[in-house]
Amino acid sequence: MNFTNLQIQTENLPKVEGLVLKPISKSYFKIIMFNKLAIYAGLIGLVFGLKYVIEKKEEVQLNLYYMLSAVVVFCIFNFIVSLLAFKKRKYAMREHDVVYAKGLIVHSITTVPISRIQHVEESRSWLARYFGLSTLKIFTAGEAGSDLSIKGLPHLEAKQMKEIISDKVNGNN
């Protein structure tokens, strides 16, 4: 038996950069904002709660308004970053793999070969059901938890992707 280990020319590999990625559903941004608004309301409520807990000294009250201003500025900044990061969430399914891109500051592209997938799962939270969305979770061998989770897919599309991947994993092309 002859052992060979030939070099692969990286120029000949398929390019992920040229792949047309599909954005996730815009309805998913509503879910993100619903969750963020709950956090923002909690932070602002905490500042107002501190107003009544701390003594009624004038300098403390003035500091609370600075704290409230800082929390509001943080919330606005966080909202803008969330909106920009949302626009970077995209996915694609090819013949031999599933690709997911995300991240504003740290942009990452995850590619999971279908040949490595153990099983695939489609799930829906109560809020996702309301908006007609699903999460597709893809599991490969050797990891605890899903290797790839694509949130914000239209429900029917997530079901179709799950069926296609399951068929390929089970050898039912």
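Here the residue numbers are simple positions, counted from 1 along each chain's written sequence. Reporting of local features is limited, given that this is a predicted model, to residues whose pLDDT is at least 70; pairs of side-chain atoms are given and counted only at 80 or more, and all residues count toward the totals for whole chains, interfaces and linings. Processing note: side-chain calculations cover all non-hydrogen atoms of the structure and skip hydrogens and water entirely.

## Looking at the layout of surface pockets
- Grid points spaced at 1 Å and placed over the protein atoms alone form the basis of the search, with a cavity being a set where a 1.4 Å probe fits but cannot get out and a pocket an open set showing protein on both sides within 12 Å along at least five of seven lines. Lining residues have an atom within 4 Å of a point. Grid points are joined across faces, edges and corners, and a volume is the space filled by probe spheres set on the points. Taken as a whole, the largest pocket spans an internal volume of roughly 240 Å³.
- In this description a helix means any DSSP run of H or I spanning at least four residues, a strand means any run of E spanning at least two, and both kinds are numbered starting from the N terminus. Element by element, the count of residues in the lining of the largest pocket is highest for helix H1 (residues 27–53), at four residues.
- Within this model, the second largest pocket holds a volume of roughly 190 Å³.
- Forming the boundary of the second largest pocket are 15 residues, of which Tyr-28, Ile-31, Ser-125, Ala-128 and Thr-135 lie nearest the centre.
- Mapped onto the lining of the second largest pocket, the elements with two or more residues apiece are H1, helix H3 (126–131), strand S6 (133–140) and strand S7 (148–154).
- For the lining of the second largest pocket, the element with the most residues is H1, which contributes four residues.
- Think of it as three bins: nonpolar holds Ala, Val, Leu, Ile, Met, Phe, Trp, Tyr, Cys and Pro, charged holds Asp, Glu, Lys and Arg, and polar takes everything else, Gly as well. A class-by-class count of the residues in the lining of the second largest pocket yields seven nonpolar, six polar and two charged.

## Re the packing of aromatic side chains
- Here is the rule: rings of Phe, Tyr and Trp (six-membered ring for Trp) pair when centre to centre is within 6.5 Å. Planes less than 30 degrees apart are stacked, more than 60 are edge-to-face, and the remainder are tilted. For the structure shown, the criterion picks out four aromatic pairs.
- Arranged with centres 5.2 Å apart and planes meeting at 50°, the rings of Phe-29 and Phe-86 form a pair that is tilted. Placement of Phe-29 in helix H1 and of Phe-86 in helix H2 (residues 58–86) is noted, with a sequence separation of 57 residues between them. Here the two residues Phe-29 and Phe-86 agree in accessibility, since each one is buried.
- Taken together, the ring pairs in this structure connect Phe-29, Phe-79 and Phe-86 into an aromatic cluster. Think of it in three bands: residues with accessible area under 20% of the maximum for their type are buried, residues over 50% are exposed, and the middle band is partly exposed, with areas taken using a 1.4 Å probe on protein chains only.

## Quick word on helix H4 (residues 155–169)
- Here the expected span of a helix is defined as 1.5 Å times the quantity of residues minus one. Under the 1.5 Å per step criterion, the end-to-end length of H4 is 21 Å for 15 residues, consistent within 8% with the ideal 21 Å.
- Tucked inside the fold, the buried residues of H4 contact strand S1 (22–23), strand S2 (90–93), strand S3 (97–102), strand S5 (117–123), S6 and S7.
- Where H4 terminates, the next one or two residues include Gly-171, which has phi positive at roughly 80°. Note on contacts: a residue pair is in contact if any heavy atoms of the two residues lie within 4.5 Å.

## A look at the pattern of salt bridges
- Salt bridges are defined by distance alone: a side-chain nitrogen of Lys or Arg within 4 Å of a carboxyl oxygen of Asp or Glu. Enumeration according to the criterion identifies two salt bridges in this entry.
- With a closest N to O distance of 3.0 Å, Lys-22 and Glu-157 form a salt bridge. With a gap of 135 residues between them, Lys-22 in strand S1 and Glu-157 in helix H4 connect regions that are remote in the sequence.
- Here Lys-22 falls in the partly exposed class, since its relative accessible area comes to 42%.
- The buried category is assigned to Glu-157, whose relative accessible area is 18%.
- Ionic pairing is found between Asp-97 and Arg-94, a salt bridge with its closest N-O pair at 2.7 Å.
- Residue Asp-97 is classed as buried on the basis of its relative accessible area, which comes to 10%.
- The exposure class of Arg-94 is partly exposed, given its relative accessible area of 23%.

## Here we look at the sheet that holds S5
- Only strands that DSSP links by at least two bridges are regarded as paired with each other. Pairing in this open sheet of three strands is antiparallel, and the strands run S5-S6-S7 from one edge to the other. Looking along the sheet, the strands with just one partner apiece sit at the ends: S5 and S7. Averaged over all pairs of adjacent strands, the angle between strand axes in this sheet comes to 20°, irrespective of strand direction.
- Judged from the six bridges that link them, S6 and S7 form a sheet pairing that is antiparallel. Fitting a line to C-alpha atoms yields each axis, with helices limited to the stretch in contact; the angle taken between N-to-C directions then spans 0 to 180 degrees.

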